[in-house]
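Examining the three-dimensional arrangement
Given next are the chains, with one letter for each unit.
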Amino acid sequence: MTSLTIHPAAAPLQGAVRLSGDKSLSHRAALFAVLTQGESRIANFLDAGVTRPLLSALHELGVPWHLEGDVLHVTGRGLHGLPQPPHPPTLYCGHSATTMRLLAGFLAAAGMPAVLDGSPGLRRRPMRRITDPLRRMGVPISDTDGHAPLTLHPRPADHPLHGLTHHLAVASAQVKTALLLAALAADSPTTIVEPGPSRDHTERLFRAMGLRLEQPAPRTVRLVPPIPAELPPLRLTLPGDISSAAFLLAAALVVPGSQITLQRVLLNPTRTGFLDALQRMGAQVTITPRGETYGEPFGDITVAYTPDLHGITVRGDLVVRMVDEFPAFAIVAAAAQGETVVQDAEELRHKESDRIAAIVSRLQALGVEAQALPDGFRIVGGRPWHGAQLASGGDHRIAMAFAVAGLAAQTPITITDADIITQSFPTFASVLQTLGATVT
Ligand code: S3P
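A quick note: this is a predicted structure, and the numbers were derived from the prediction, not measured.

Turning our attention to helix H13 (residues 396–407). When the terminal C-alpha atoms of H13 are compared, their 18 Å separation across 12 residues agrees well with the 16 Å that a helix rising 1.5 Å per residue should span. Where burial is concerned, most of H13 is hidden: 12 out of the 12 residues are buried. Taken residue by residue, H13 has His-396, Arg-397, Ile-398, Ala-399, Met-400, Ala-401, Phe-402, Ala-403, Val-404, Ala-405, Gly-406 and Leu-407 as its buried positions.

For the structure on display, the rule yields 5 aromatic pairs. Considering the side-chain rings of Phe-425 and Phe-428, the 5.6 Å spacing of their centres and the 65° angle between planes classify their relative orientation as edge-to-face. Of the residues examined, Phe-428 reaches a relative accessible area of 1% and is grouped as buried. Grouped by ring-pair contacts, the aromatic residues Phe-247, Phe-425 and Phe-428 constitute a single cluster.

A few words on the sheet that holds strand S10 (residues 165–167). The 4 strands lie next to each other as S10-S11-S13-S12, forming an open sheet whose pairing is mixed. A strand with exactly one partner marks an edge of an open sheet, and here the two such strands are S10 and strand S12 (213–214). Where S12 and strand S13 (residues 220–223) come together, 2 bridges link them in antiparallel fashion. Considered in S13, the bridge of Leu-213 is made with Leu-223.

Quick look at the packing of helix H1 (residues 23–32) against helix H6 (residues 173–183) now. Here H1 crosses H6 at 10°, and the two axes come no closer than 13 Å. By the angle between their directions, the pair H1 and H6 is classed as roughly parallel. Taken together, the residues of H6 that come into contact with H1 (itself represented by Arg-28, Leu-31 and Phe-32) are Ala-173, Thr-177 and Leu-181. Looking at the contact of H1 with H6, its residues break down into 4 nonpolar, 1 polar and 1 charged.

Here the focus is the pattern of salt bridges. Using the criterion set out here, one finds 23 salt bridges in the structure. Here Asp-317 makes a salt bridge to Arg-219, at a shortest N to O gap of 2.6 Å. Here Asp-317 is found in helix H10 (residues 317–321), whereas its partner Arg-219 is found in the loop between S12 and S13, with 98 residues between them in sequence. With a shortest N-O distance of 2.8 Å, Arg-355 and Asp-395 are connected by a salt bridge. Note that Arg-355 is positioned in helix H12 (residues 355–365) and Asp-395 in the loop between strand S22 (389–391) and H13, a separation of 40 residues in sequence. For the pair shown, Arg-355 and Asp-395 are each scored as buried.

Across the sheet, 4 strands lie side by side as S4-S5-S3-S14; this open sheet has mixed pairing. On the outer flanks of this sheet lie strand S4 (65–68) and strand S14 (235–237), each paired with one strand and no other. For this sheet, the mean inter-axis angle between neighbouring strands, taken without regard to orientation, is 15°. As judged from the 4 bridges shared by S4 and strand S5 (residues 71–77), these two strands associate in the antiparallel manner. What sits directly across from His-66, in S5, is His-73. Along the sheet face, helix H2 (residues 52–60) touches S4 and S5 and points at about 140° away from the line of S4.

Here the focus is unusual backbone geometry. Cis geometry marks the peptide bond from Ala-148 to Pro-149; its omega dihedral reads 0°. Mapped onto the secondary structure, Pro-149 falls in strand S9 (residues 147–152). Omega for the bond connecting Pro-225 with Pro-226 falls within 30 degrees of zero, at 5°, which places this linkage in the cis form. Positive phi, normally seen in glycine, also occurs at Asn-44, with a value near 60°. Within the secondary structure layout, Asn-44 lies in the loop between strand S3 (37–43) and H2.

Assigned domains within the chain: domain 1 (3–21 + 239–435) and domain 2 (23–222 + 231–237). Computed over C-alpha atoms, the centres of domain 1 and domain 2 are 29 Å apart. Listed as interface residues are 32 residues of domain 1 and, on the opposing side, 32 residues of domain 2. Summing both partners gives a buried area of about 2,700 Å² for domain 1 against domain 2, and 51% of it is carried by carbon and sulfur. The largest contributions to the domain 1 side of the interface with domain 2 come from Gly-21, Tyr-294 and Gln-423, which together make up 27% of the buried area. Across the contact surface, domain 1 and domain 2 share 3 salt bridges.

Each value, and the rule that gives it
Residues numbered from 1 in each chain as written. Predicted model: local features only at pLDDT ≥ 70, side-chain atom pairs only at ≥ 80, totals over all residues. Heavy atoms only, no water. Helix = DSSP H or I, 4+ residues; strand = E, 2+ residues; numbered from the N terminus. Expected span 1.5 Å × (residues − 1). Buried < 20%, exposed > 50% of the residue type's maximum accessible area, 1.4 Å probe, protein only. Phe/Tyr/Trp six-rings, centres within 6.5 Å; stacked < 30°, edge-to-face > 60°. Pairing = 2+ DSSP bridges. Axes fitted to C-alpha atoms, helices over the stretch in contact; angles between N-to-C directions. Parallel < 35°, antiparallel > 145°, perpendicular 65-115°, else oblique. Contact = heavy atoms within 4.5 Å. Nonpolar A, V, L, I, M, F, W, Y, C, P; charged D, E, K, R; others polar. Salt bridge = Lys/Arg side-chain N within 4 Å of Asp/Glu carboxyl O. Domains from an automatic or database assignment. Buried area = accessible area lost by both parts, 1.4 Å probe.

Encoded structure:
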C-alpha cells in the first residue's frame, strides 16, 4: 500500500489537461456495446480499477474485447447472443457498485445465471434497491441480507419478465439503469419515477442507439420494449470525466494565482452541479461548449484562483447533480469565507465510505471547523489549515480531495493507502505534477 505526500504549493498551478473518459460513460459504453451487433470502438475509455471488473466480467461471459491504447474494442452479439457457460460464473465486481448494479440488470435481461460478488467495501453497499424491483419484474435474483453476493438463478424460457412502474426512494442512476436494462427483455413497458435528477447517461445512450424511451412526465422515463433485432455498434470518443476534473478545479481554486483548463470534459447537465456550486461561491469558472457525442455535451472548463470565495448552502436537486463531488467541494468550502452547509445528502453515507463522516473527521484533523449533520455537513471556512497524515479509508475520492487540501495546507499532507486512487483516476498524481504540484 503506497502513501502519497502532497506539499504546500510553492507556485500557482497552470496548464491545460485532457482527462480520460468519464467513469459512468465508460461503464455504459462497454456494457451497452454487447447489445449491438459487430465491433464497437470506444476511444478515450477509462482504464481504471472500477472499469477492469466490468471488462473481466465481459470476458467471463464470452464477450470478446481488447484495449488498443485507450481505445476499447468490444464485439457485440446482441442481448440473446451470449454463449451459455457450463456453470453459472461468479463475477467479481471489485469495489465497483456501478459494475454490480448494471451487470445485475443486464444479466437479468439476457436470462444468464451468475453470482455477483465484490470487495468487503462493496458487500456493505445497499443492494435491495435493485433486487426488490427486479424481483417484481420476475427476475429470479436473491441477495444476502440486502447486500452482495447477489445470485441470478436460471430463468425458465417460458418466464418472461414484466414491465413495472417503480418509484425510486432515492435518486440513483445505477438503480435506474439496472431496471432499464432488465426492461429490455420485458413483455410490457417499464416506467421509472425519480425524486431527483440522477445522471441520465443511459437514457441518452439508449436513445442514440435507437431504443425506444419516452418521457411521459417530468422525472419519469419509460422504456418500451422490444429491443430492435439489430443495433449498430458504438463509435465514439468519450468526453473527459467531470468527477475527476472536480479535484483539479478544486486544486486551482485553493492555490493562489492558479489558472487551468480542462479540455473536452463531459458537460451533461445532470453532472454539472459542482460547476454551478462553484459559480455560486463566486469562483471564476468559464465553460466553453465544444460539441456533443451520442447525446452527451462536452466542452472546456477554465478555472482561475478566486481569493474571495464565500460559503453557500447546497440542498435539493443540486445535491443529486453533484453527488460524487462532495469530497472535492468540501476542500473548496474550507477555503471559502464563512459557512457552507450541505443538506438532503444522506445518500453520501452509502458511497465508497460514509462520506459525511469521512469528510468531517479529516477536516477536523487539519484544524478546520466542521460538523456532521444527519443528512450533510457544515464547514466554517476561510482560515488556514495544517498538514496531517490521513487514511484514504478505502475511498478514492476522499484520498484525492485531501491530497488537494495538501496544496493549500501550512505543512504537507500524507494520504495512506493512496493506491485506491487508481480506482477512478490512475493518473491523478502525475496530472497534478504536470500542473506544477509537488507530490512524492
Ligand atoms: C453512477 C451513479 C452514482 C454515482 C456513481 C456512478 C453511475 O451512484 O455515485 O459514482 O454510473 O450510474 P448512484 O446511482 O448510486 O447515485
